[in-house]
Amino acid sequence: LELRLVNRQASVYCGIDLSARLGWRMSEAVPGLLEAGILDDVIAAIDTGRPQQRERFVTNTETGRGTWYEYSARSLGNGDQVLLTCTDVSARRQS
């Protein structure tokens, strides 16, 4: 899976400039996604065509900061692209 498009907030969440990593494999651009199991859900969304939605704790390997995210992975087009959206839900999880 290749990182093709990012928004500014994704870079804020990750603590790195993801636009400088366009074209990288997602597992290399954001290693925390692989370690948290999020990429497994991305692949499941592509393979099954069914959206995957969960909450997971992700430790950023660049910053060491841990964050709870609610995310959704949805296959787009004919399964060759995926949309991954993430929301920081740490404040809710800590209350």
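Structure first, text after, so check above.
Residues numbered from 1 in each chain as written. Predicted model: local features only at pLDDT ≥ 70, side-chain atom pairs only at ≥ 80, totals over all residues. Heavy atoms only, no water.

J.: Any chance you could break down the pattern of salt bridges for me, citing the residues and the numbers?
T.: Tallied over the entire structure, the rule returns four salt bridges. Notably, a salt bridge pairs Asp41 with Arg54, separated by 2.9 Å at the nearest N-O pair. Of this pair, Asp41 sits in helix α4 (residues 38-48) while Arg54 is found in strand β1 (residues 52-59), placing the two residues 13 residues apart along the sequence. The class for Asp41 is buried, based on a relative accessible area of 5%. Note that Glu55 is salt-bridged to Arg92, the shortest N-O span being 2.3 Å. A residue pair is termed long-range when its members are at least 10 positions apart, and Glu55 in strand β1 and Arg92 in helix α5 (residues 90-94) qualify at 37 residues. Its relative accessible area of 46% is what places Arg92 among the partly exposed residues. A cluster of three or more residues bridged by salt bridges with shared partners is formed by Asp41, Arg54 and Arg56. (Salt bridge = Lys/Arg side-chain N within 4 Å of Asp/Glu carboxyl O. Helix = DSSP H or I, 4+ residues; strand = E, 2+ residues; numbered from the N terminus. Buried < 20%, exposed > 50% of the residue type's maximum accessible area, 1.4 Å probe, protein only.)

J.: Quick one: what's the story with the environment of Val58, residue by residue and with numbers?
T.: Its location among the elements puts Val58 in strand β1. With residues up to four places along the chain from it excluded, the contact list for Val58 reads Gly32, Ala36, Ile38, Arg65, Gly66, Thr67 and Tyr69. (Contact = heavy atoms within 4.5 Å.)

J.: Any chance you could break down the packing of aromatic side chains for me, citing the residues and the numbers?
T.: One pass over the full model with this rule turns up two aromatic pairs. Arranged with centres 5.2 Å apart and planes meeting at 55 degrees, the rings of Tyr13 and Tyr69 form a pair that is tilted. Linking Tyr13 in helix α1 (residues 8-14) with Tyr69 in strand β2 (residues 66-76), this pair joins segments that are 56 residues apart in sequence. Ring geometry for Phe57 versus Trp68: centroids 5.6 Å apart, planes at 65 degrees, classification edge-to-face. With Phe57 in strand β1 and Trp68 in strand β2, the pair connects residues that are eleven residues apart, well separated along the chain. (Phe/Tyr/Trp six-rings, centres within 6.5 Å; stacked < 30°, edge-to-face > 60°.)

J.: Explain the state of the cysteines to me, and be specific about the residues and the numbers.
T.: The term disulfide refers to a covalent linkage connecting the sulfur atoms of a pair of cysteines. A full pass over the atoms with the stated rule returns zero disulfides. Among the cysteines around Cys14, which has no disulfide bond, Cys86 carries the closest sulfur, lying 7.7 Å off. For Cys14, a relative accessible area of 14% translates into the label buried. (Disulfide = S-S within 2.5 Å.)

J.: Give me the nonpolar core: which residues, what numbers.
T.: Core analysis: the biggest nonpolar cluster contains 17 residues, and Leu18, Val30, Leu33 and Ile38 have the highest contact counts within it. Of all the secondary structure elements, the ones that give two or more residues to this core are α2 (26-29), α4 and β2. It is α4 that contributes the most residues to this core, four residues altogether. Other than its neighbours up to four places away in sequence, Leu18 contacts Leu3, Val6, Ala10, Ser11, Ala29 and Val30. (Core = buried A, V, L, I, M, F, W, Y, C linked by side-chain atoms within 4.5 Å.)

Note that every value here comes from positions in space, so none of it alone points to a role or purpose.
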